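If you want the building blocks of each chain, they are given just below.
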Amino acid sequence: MISALFCDLRRSKNEKIPSQPEQRERELRDLIKNKKKLVVLFVDEAHDLHGKTLIALKRLIEVIQGAGGTLSIVLAGHPKLSNDLKRPTMEEIGARATIFMLEGI
């Protein structure tokens, strides 16, 4: 997902995505901060995401906000996603989420 953000936000196609996680995170943070725009990542089939991935996304949001940037993530998935976010292990993420049920679509 970080690679997808880099591909959408980088200035030129020749820019390399850093291979080290810490450096990649810092460069993405700076890239979003310098854009001075709200960045939104849409994730479809989010009910298939691993819990550690959700925690990593929450951490990424916090890192970017700490630098003065804004990253929002929209997770779209089956009702299973809502149930997963209500579990005690996902309490930290579920408390920061707003859940919308789109029934009848």
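Residues numbered from 1 in each chain as written. Predicted model: local features only at pLDDT ≥ 70, side-chain atom pairs only at ≥ 80, totals over all residues. Heavy atoms only, no water.

(A) Geometry of helix α4 (residues 79-86). Three or more residues of α4 are buried, namely L81, S82, D84 and L85. For α4, the arc enclosing every buried residue in end-on projection is 160°, short of the 170-degree limit, so these residues lie on one face. Across α4 from its buried face, at more than 90 degrees, point the exposed residues P79 and K86. Looking at the packing, one finds that the buried side of α4 touches α3 (51-66), β2 (71-75) and α5 (91-94). (Buried < 20%, exposed > 50% of the residue type's maximum accessible area, 1.4 Å probe, protein only. Helix = DSSP H or I, 4+ residues; strand = E, 2+ residues; numbered from the N terminus. Arc of directions from axis to C-beta. Contact = heavy atoms within 4.5 Å.)

(B) Region of the structure containing the pairing of β2. Pairing between strand β1 (residues 39-43) and β2: 5 bridges, direction parallel. Paired with V39 across the strands is L71, a residue of β2. (Pairing = 2+ DSSP bridges.)

(C) The arrangement of the packing of helix α1 (residues 2-9) against helix α2 (residues 21-35) in detail. Contact geometry of α1 with α2 gives a least axis separation of 11 Å together with a crossing angle of 40°. Compared by their axis directions, α1 and α2 come out oblique. Between α1 and α2 lies a crossing whose hand is left-handed. Residues I2, L5, F6 and L9 of α1 lie in contact with α2, whose contacting residues are R24, E27, L28, L31, I32 and K35. Residues belonging to the contact of α1 with α2 are distributed by class as follows: 7 nonpolar, no polar and 3 charged. (Axes fitted to C-alpha atoms, helices over the stretch in contact; angles between N-to-C directions. Parallel < 35°, antiparallel > 145°, perpendicular 65-115°, else oblique. Left-handed = near helix turned anticlockwise from the far one by under 90°. Nonpolar A, V, L, I, M, F, W, Y, C, P; charged D, E, K, R; others polar.)

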